[in-house]
Amino acid sequence: MRSRSTSGTVAVLAGGLAAAGLAFAPTAAAVSPGSATATYDCGSWGGGTATLAATQSGTAATVTVTSAVTTPIAVGADQINATLTMAKAGGGTRVFTGKKNPPLAAGGSVVIGPLSGTVASGDSLNSYFAGVALKMVIFGITVNCDAVTSQSPGPFVFS
């Protein structure tokens, strides 16, 4: 009889611990969609469709931009200082910054990121707004890019 009672107690305690573990487990943050495209105009540097990929971990978020803009010369790793400004639905902006890029071959597409920023739950962000959306400084030369279309399939919504 005693072993049954002990077994039952152990089972109840194990179940309680499992439930408590689930209750206190950190929730995974997600951004939707995970990637989007938008068209950018970078003046004399060119323009075209860029792909933006976003990730989120709590209030920390990153965005990586693969641009249609090409570099006329090779650029080493982590040589592009970039700022991506995104309009927040309801007003205001969120800014993502960093000096992160893979090595880029001459004539290759410019890839920057991940650029880091802070978001709040429910933020809906789009790089399309009145102003410079993407600013890159490469070898001391500033390249300003305006988003000329909204992101497709839609803005990034952070949870």
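Residues numbered from 1 in each chain as written. Predicted model: local features only at pLDDT ≥ 70, side-chain atom pairs only at ≥ 80, totals over all residues. Heavy atoms only, no water.

Caption draft 1: Spatial organisation of the overall build of the chain. Helix and strand content of the chain: one helix and eleven strands. Along its sequence from the N terminus, the chain presents helices and strands in the succession α-β-β-β-β-β-β-β-β-β-β-β. A total of 159 residues make up the chain; the buried ones form 31% of that total. Of the roughly 8,400 Å² of accessible surface on the chain, a fraction of 60% belongs to carbon and sulfur atoms. (Helix = DSSP H or I, 4+ residues; strand = E, 2+ residues; numbered from the N terminus. Buried < 20%, exposed > 50% of the residue type's maximum accessible area, 1.4 Å probe, protein only. Areas by Shrake-Rupley, 256 points an atom, 1.4 Å probe, with all protein chains shown as cover.)

Caption draft 2: Looking closely at the state of the cysteines. Using the criterion set out here, one finds one disulfide in the structure. The side chain of Cys42 participates in a disulfide bridge whose partner is Cys145; the two sulfur atoms lie 2.0 Å from each other. The disulfide joining Cys42 to Cys145 has a torsion of about 110 degrees about its S-S bond and is therefore right-handed. In this pair, Cys42 sits in the loop between β2 (35-41) and β3 (47-57) while Cys145 sits in strand β10 (residues 141-147), placing the two residues 103 residues apart along the sequence. (Disulfide = S-S within 2.5 Å.)

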